[in-house]
Amino acid sequence: MAAESEAGRPAALRAMTGRFPAVRPRRLRRNAAMRRFVRAPGLEPRQLVLPLFYKEGLTAPNPVAAMPGVYQHDLASLRRQAAAARAAGLGGVMLFAVPAHRDATGSAALDPAGALTVAVREVRAEVGDDLLVMADVCLDEFTDHGHCGVLGDDGEVDNDTTVALYAEMAVVLADAGVDVAAPSGMMDGQVGVIRAALDDAGHSTVAILAYTAKYASAFYGPFRDAVESALCGDRLSYQQDPGGALREAVRETRLDVAEGADFVMVKPALPYLDVLQAVAEVSEVPVLAYQVSGEYAQVEAAAERGWLDRRSTILETLAAIHRAGADAVLTYWALEVADWLRTPEP
Ligand code: PBG
């Protein structure tokens, strides 16, 4: 009789009197000790790269309005930042320049005494071989129209002419002591041509970090403020469509690796975690992600209003980017995050 009434009970009730629920995932989240034990491997300071801006002619650092906490540096403050990056155990710094002179072909980019070259030389002198010195290989900071290359008669960026200029620029930067040349313009064939030029110039040890899947993204808005560049039009004819299919990024990855890229990169980061994962699946070389200016600005703006908890939001974004497949991350928060990683959660 007892057995019969037991069997007649609704399943949910029966479960509650027995072992309900049979499986309890919450056991592994019970307290900080357990969570720490089961947590995925986290980013370390060595996997963070700090982007830095040097503005020619400055005598004191100049705050970037759209990126609170980020500055255009003069040479002295640039060196101090590089020294701080080394002391914090970061992987490297990525250098950008704001030149005093801009023209249609970005000619200042090829000047051995130009702003970016000077920045590379100064930082190299400051950090020796303890920190990777990386530099952007692109013309957009140097052109008056803000495109990543030179324009043809049709008003479009001329791929092959631009690639030849990138190759020259990479050699100039390598002569100045750069460890990693980072072509960011998404010109076809850029990695292969730069590789050949570096090798021919005796710089076979200089590595290439390819901006492999770079989207024509609205998230670069605040960066324009940092480098004082006004883009005429858009970049949709050479950088990837934000709504594009994943296979486009996979194709670019295969091409860059075949052309000799030592690293591939996805940019922006957080809005493109699916791309990051797809690239990481096929890449034979380390995969980087660039947490760009707009990703930085949106968190800073919300935190400033008290709408987001700044520290936990930043750490959450980086954990997600890392888990999606980034071996290293370029982030404007690199120094602060390295500091947090050394000190336990409050
Ligand atoms: C190209 C370059 C840009 C960034 C990195 N390399 C600017 C752009 O493509 O518009 C953007 C990074 C950022 O938004 O933080 N020189």
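Everything below is about the structure shown above.
Source: prediction; values computed, not measured.

Considerations on the layout of surface pockets
- Taken as a whole, the largest pocket holds about 770 Å³ of empty space.
- Lining the largest pocket are 21 residues, with Arg-39, Gly-42, Leu-315, Ala-319 and Leu-341 sitting closest to its centre.
- Those elements giving two or more residues to the lining of the largest pocket turn out to be α12 (310–324) and α13 (334–342).
- At nine residues, the largest contribution of residues to the lining of the largest pocket is made by α12.
- Considering only residue class, the lining of the largest pocket consists of eleven nonpolar, four polar and six charged.
- Considering only enclosed or pocket space, the second largest pocket measures out at about 240 Å³ in volume.
- If you go around the second largest pocket, you meet 16 residues; those closest to its centre are Leu-50, Gly-69, Val-70, Gln-81 and Tyr-332.
- Residue assignment for the lining of the second largest pocket shows that the elements contributing at least two residues are β1 (48–55), β3 (71–73) and α13.
- With four residues, β1 is the single largest residue contributor to the lining of the second largest pocket.

With respect to a positive patch on the surface
- There is a patch of like positive charges on the surface, built from Arg-19, Arg-24, Arg-26, Arg-27 and Arg-29.
- Mapped onto the elements, Arg-24 comes out in the loop between α2 (11–17) and α3 (32–38).

So, unusual backbone geometry
- Along the chain, Lys-267 connects to Pro-268 via a cis peptide bond; the corresponding omega equals -5 degrees.
- Secondary-structure assignment places Pro-268 in the loop between β8 (263–267) and α10 (273–282).
- Of note, Met-186 is a non-glycine position whose phi angle comes to about 65 degrees, a positive value.
- Here Met-186 lies in the loop between β6 (180–183) and α7 (190–200).
- Given a relative accessible area of 5%, Met-186 falls into the buried group.
- Positive phi outside glycine occurs at Glu-228, with the angle close to 55 degrees.
- Relative to the helices and strands, Glu-228 resides in the loop between α8 (221–227) and α9 (246–259).

Parameters at a glance
Residues numbered from 1 in each chain as written. Predicted model: local features only at pLDDT ≥ 70, side-chain atom pairs only at ≥ 80, totals over all residues. Heavy atoms only, no water. 1 Å grid on protein atoms, 1.4 Å probe; cavity = no way out; pocket = protein on both sides within 12 Å on 5 of 7 lines; lining within 4 Å. Points joined across faces, edges and corners; volume = space filled by probe spheres on them. Helix = DSSP H or I, 4+ residues; strand = E, 2+ residues; numbered from the N terminus. Nonpolar A, V, L, I, M, F, W, Y, C, P; charged D, E, K, R; others polar. Patch = residues over 30% accessible without salt bridge, like charges linked within 9 Å, V, L, I, M, F, W, Y side chains within 5 Å. Areas by Shrake-Rupley, 256 points an atom, 1.4 Å probe, with all protein chains shown as cover. Salt bridge = Lys/Arg side-chain N within 4 Å of Asp/Glu carboxyl O. Lys, Arg positive; Asp, Glu negative; His and termini not counted. Charge placed at Lys NZ, Arg CZ, Asp CG, Glu CD. Buried < 20%, exposed > 50% of the residue type's maximum accessible area, 1.4 Å probe, protein only.

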